[in-house]
Amino acid sequence: MAAEIPVIDFSRYSLAVDADKVPDSVLLELGQEVYQALATAPFLLLKNCGIEERLVRESFTCSRQFFELPAEVKQKYRRPDDPHDDNYNGWVGQGVESVNPEGPVDLKESFSYALWMEQKWPHEVVSFKPTLLNLNRQAMSLGKRILQGLALAMGLDRHFFDGPHKGAGTRNSMTATRCNYYPEITDETVILPNQMRIGEHADYVTLTLLFQDDQGGLEVKTKDGTWCPVLPVPGTVGVFVDLLLQRWTADKLKATVHRVIMPGGKCPARQSIIQLIAPDDDVEVKCVDGSDTYEPVNARSFVTGIFDKTY
Ligand SMILES: O=C(O)CCC(=O)C(=O)O
Ligand SMILES: [Fe+2]
């Protein structure tokens, strides 16, 4: 089953390589590999992306230290209740979110942040802010490079997606990083029927990059509707297609439907960190093939429309 998840070597356009020195012909080949993989499999893993392993490990450590703080401390960094708040970032405690509105609440906590965010950084974990901002910067650059490869593979200009994402890291973009913490289960009798660590959903922006620890539990839905486990592969970054990229590509790439299941019985905590790559708030997303598969939508309204249903 796990063999269905392709692993692609991204070293030709890794962050360690000067982007200007990589000609379109080289990027096209790599972009086609990524595009073909995403057009057939629901998800892929990239290796040799140039994001330092040590940084990923340190990010998990800081994030865990934050989640282990008492709830009254984490409350200071709560995400606002209103999804229309333009700084819709911060801590979300357990039992609040249900990414699948039809399912029970997710058994997780999260902390989301963006590069421009000035307040709400937990000072209790000293290296939290610098470490996680460093990961956010590198993940945003990687996301941009993946989109450049996909643009060439789609017959577009290499920089087609650069413009609509130029505000990433500013207040005009919903591009954000989310640290997820799925607590240890010590008493499985408290788990509700069908309760997940995170219920079935697709992410709602352009692309999502995933860093996960070694616990497993992530599953992606294949085209025939079966669930495929994504076994953790150290040193790789996962790539999900999100709902706005599905609209842009007029269904040539389909959004990755995914969930994190409960391993069953007592189990240790699990951690993941995702980088959401979102178009700027004022971008109109319309099918690049000129078809009317989807009506053009404003990126911000599309996403807040989903928040209204989910949270
Ligand atoms: O924890 C994971 O592996 C996935 C997290 C996820 O799907 C999300 O935060 O949207
Ligand atoms: Fe997700």
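These figures come from a predicted structure and were not determined experimentally. (Residues numbered from 1 in each chain as written. Chains lettered and ligands numbered in written order. Predicted model: local features only at pLDDT ≥ 70, side-chain atom pairs only at ≥ 80, totals over all residues. Heavy atoms only, no water.)

(A) View of the overall build of the chain. Looking only at helices and strands, the chain has 6 helices and 14 strands in total. In terms of overall dimensions, the chain has C-alpha extents of about 55 × 40 × 40 Å along its principal axes. A fraction of 77% describes how many contacts in the chain between residues 6 or more apart in sequence connect residues 24 or more apart. Of the accessible surface of the chain, which amounts to about 13500 Å², a share of 51% is contributed by carbon and sulfur atoms. Distance from the positive charge centre (32 side chains) to the negative charge centre (43 side chains) of the chain: 2 Å. (Helix = DSSP H or I, 4+ residues; strand = E, 2+ residues; numbered from the N terminus. Contact = heavy atoms within 4.5 Å. Areas by Shrake-Rupley, 256 points an atom, 1.4 Å probe, with all protein chains shown as cover. Lys, Arg positive; Asp, Glu negative; His and termini not counted. Charge placed at Lys NZ, Arg CZ, Asp CG, Glu CD.)

(B) Structural context of the site of ligand 1. Around ligand 1, a shell composed of 13 residues is seen, among which N180, Y182, H258, R270 and S272 lie nearest. Contact distances for ligand 1 include 2.9 Å between an oxygen atom and a side-chain N or O atom of N180. One nitrogen or oxygen atom from the side chain of R270 is found 2.8 Å from an oxygen atom belonging to ligand 1. In the complex, 100% of the free accessible area of ligand 1, which totals 300 Å², lies under the protein chains. Only β5 (176-182), β6 (198-201), β11 (258-260) and β12 (270-277) provide two or more residues apiece to the shell around ligand 1. (Near = heavy atom within 4 Å. Polar contact = N/O pair within 3.5 Å; in protein donor to acceptor, adjacent residues only side chain to side chain.)

(C) Region of the structure containing the nonpolar core. Residues F111 and I146 are the most contacted members of the largest nonpolar core, which totals 87 residues. The leading source of residues in this core is helix α4 (residues 128-153), at 12 residues. (Core = buried A, V, L, I, M, F, W, Y, C linked by side-chain atoms within 4.5 Å. Buried < 20%, exposed > 50% of the residue type's maximum accessible area, 1.4 Å probe, protein only.)

(D) Quick peek at α4. Taking 1.5 Å per residue, 26 residues should reach 38 Å; α4 reaches 37 Å between its end C-alpha atoms and fits that length. For α4, the buried fraction is high: 20 of the 26 residues fall into the buried class. Backbone geometry just after α4 places G155 at a positive phi near 80°. (Expected span 1.5 Å × (residues − 1).)

(E) Local environment of the sheet that holds β5. Taken together, 8 strands build an open sheet; the order of strands is β1-β2-β10-β7-β12-β5-β4-β3 and the sheet is mixed. Pairing within the sheet leaves two strands with one partner each, and these edge strands are β1 (7-9) and β3 (90-92). Taking each pair of neighbouring strands and ignoring which way they run, the sheet shows an average axis angle of 25°. Taken together, the 3 bridges between β3 and strand β4 (residues 109-113) define a ladder with antiparallel strand orientation. Looking at the pairing, G90 lines up with S112 of β4. The sheet contacts of helix α1 (residues 24-40) involve β1, β2 (44-47) and β10 (236-241), and relative to β1 the element is tilted by about 170°. Lying on the sheet, helix α2 (residues 53-67) is in contact with β3, β4, β5, β7 (207-212) and β12; it crosses β12 at an angle near 110°. (Pairing = 2+ DSSP bridges. Axes fitted to C-alpha atoms, helices over the stretch in contact; angles between N-to-C directions.)

(F) Region of interest: the coordination of the iron ion (ligand 2). Protein ligation of the iron ion (ligand 2) involves H201 (NE2), D203 (OD) and H258 (NE2), the donor distances falling in the range 2.1 to 2.2 Å. All donors of the iron ion (ligand 2) come from a single chain, and their spacing in sequence reads H-x1-D-x54-H. Of this pair, H201 sits in strand β6 while H258 sits in strand β11, and the two are 57 residues apart along the sequence. The class for H258 is buried, based on a relative accessible area of 4%. (Donors = N, O, S within 2.8 Å, 3.2 Å for Na, K, Ca; no water.)

(G) Spatial organisation of the packing of α1 against α4. Axis separation between α1 and α4 bottoms out at 7 Å; the angle between their running directions is 90°. For the element pair α1 / α4, the angle class is roughly perpendicular. Judged by residue contacts, D24, L27, L28, G31, Q32, V34 and Y35 of α1 engage I146, Q148, G149, L150, L152 and A153 from α4. Here the residues of the contact of α1 with α4 sort into 8 nonpolar, 4 polar and 1 charged. (Parallel < 35°, antiparallel > 145°, perpendicular 65-115°, else oblique. Nonpolar A, V, L, I, M, F, W, Y, C, P; charged D, E, K, R; others polar.)

(H) Structural view of the packing of aromatic side chains. In this structure the tally under the stated criterion is 14 aromatic pairs. Here a set of aromatic residues connected by ring pairs shows up, and it is made of F66, F67, Y77, F111, Y113, W121, F128 and Y181. The lysine or arginine in question, R145, covers the ring of Y13, its NZ or CZ lying 4.9 Å from the ring centre. The residue whose ring lies beneath R259 is W227, and the NZ or CZ to ring-centre distance is 4.0 Å. (Phe/Tyr/Trp six-rings, centres within 6.5 Å; stacked < 30°, edge-to-face > 60°. Lys NZ or Arg CZ within 6 Å of the ring centre and 35° of its normal.)

(I) The arrangement of the UniProt feature "domain: Fe2OG dioxygenase" (unreviewed entry) in the chain in detail. Summarizing the sequence annotation, UniProt attributes the feature "domain: Fe2OG dioxygenase" (unreviewed entry) to residues 170-279 in the numbering used throughout. Annotation note: span residues 170-279, helix share 5%, strand share 37%, distance between end C-alpha atoms 11 Å. (UniProt positions renumbered as here; feature names shortened; annotations may be inferred.)

(J) Layout of the pairing of β4. β4 sits mainly inside the fold: 5 of its 5 residues count as buried. Residues of β4 alternate between two faces, with E109, F111 and Y113 on one and S110 and S112 on the opposite face, all of them buried. Direction of pairing for β4 relative to β5: antiparallel, over a ladder of 5 bridges. Within the sheet, the bridge partner assigned to S112 lies in β5 and is R178.

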